[in-house]
Amino acid sequence: MHELQVVRWKRYGHDRLYANLPDGTAVGWADCKTGVITVLRAEYREPVTAILTQYLAGIVPVPASAVPGRPVLPPLTAADDLASNAPGDALRPQVAAAGVSAWARVVAWLLRRPIEGDSWRKGLAGEQRVGAELDRLRRQGWRVLHSIPLPRDVDLDHLLVGPGGVFSINTKHHANKAVWVGDDAVKVNHGAPEPYARKSRAEARRVQQVLERYCGFPVPVEPVLVFVGVTDLKVVATQLTVRVYREREVSVLAPLTGVLTADQIEQVYSVARHRQAWQAA
């Protein structure tokens, strides 16, 4: 194993320690502000962590992420990178499996009968519309992920990470319907109550546990319900635990700040985009 050399680098508001091979190749670095260590070459994980932790001791307290026993994700590969997921990707297999011919659609429309797979197609269309709105926030420094697979055939529709914190976003497509949102339940066209709000809060807690497990610092996560295509949306005044929007209203999140630093945003995003982080969620 080659002896590592540590070089401090300050530029563009960053303050880092780089662990380099004798030829100058960087194999890892540490953020001097947060203490977070990033390993660039898996085969050097142990010496990189050891030497950077030693140098950091005189600069910042040893971060929780460097404490023995805290899980560390393996180097990110293309197969594990969720940043390439498009909105609604998790629903595409169900839509494809429920393929219906154009003629069958016409007949179903004439007879006013539901078409097999309609719920999947509506869900896909809804996630695509919300995904497009969220992607616009990238210009304000936000990071966006879509269709994050969770255990037991569940997925997280969207995850938004930025200066204003982290938001787990659940999309509901109820075209031409009126929606009422209570503290725990949601009613569509005065129908039976659906536990959308309660499930959104549970989902946010699940996301927070995953991110904090690997980040080593508190990561507040807010649940968000986004309704697509609704004609009316009413939210009770006591509903303060879940943010509720129409698809075009998610832009109100753009100016939020003061929760995560630029370095924390990158750390949270690097964990969130890693498929293996969610395997035990």
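Since the model is a prediction, treat every value here as computed from it, not as a measurement.

## Description of the environment of Arg-198
Thought 1: Checked against the element boundaries, Arg-198 lands in helix H5 (residues 196-215).
Thought 2: Residue Arg-198 is classed as partly exposed on the basis of its relative accessible area of 47%.
Thought 3: Counting along the chain gives 16 residues from Arg-198 to Gly-182, while the straight-line C-alpha distance between them is 9.9 Å.

## Remarks on the nonpolar core
Thought 1: In terms of nonpolar packing, the biggest core is built from 28 residues, with Ile-148, Leu-159, Val-166, Leu-211, Val-219, Val-268 and Trp-278 touching the most fellow members.
Thought 2: When contributions to this core are tallied by element, the ones reaching two or more residues are strand E5 (143-150), strand E6 (154-162), H5 and helix H6 (262-272).
Thought 3: Top element by residues in this core is H5. It accounts for 6 residues.
Thought 4: Beyond its immediate chain neighbours, meaning those up to four positions away, Trp-278 contacts Leu-82, Ile-148, Pro-149, Leu-150, Pro-151, Leu-159, Val-207, Val-210, Leu-211, Val-271 and Ala-272.

## Quick word on the pairing of strand E10 (residues 221-228)
Thought 1: Of all 8 residues that make up E10, 7 are buried, and the element is covered over most of its length.
Thought 2: Sheet topology places strand E7 (residues 165-173) next to E10; 8 bridges connect them, and they run parallel. If you follow Ile-169 over to E10, its bridge partner there is Val-224.
Thought 3: As paired strands, E10 and strand E12 (residues 243-246) are joined by 4 bridges and run parallel to one another.

Parameters at a glance
Residues numbered from 1 in each chain as written. Predicted model: local features only at pLDDT ≥ 70, side-chain atom pairs only at ≥ 80, totals over all residues. Heavy atoms only, no water. Helix = DSSP H or I, 4+ residues; strand = E, 2+ residues; numbered from the N terminus. Buried < 20%, exposed > 50% of the residue type's maximum accessible area, 1.4 Å probe, protein only. Core = buried A, V, L, I, M, F, W, Y, C linked by side-chain atoms within 4.5 Å. Contact = heavy atoms within 4.5 Å. Pairing = 2+ DSSP bridges.

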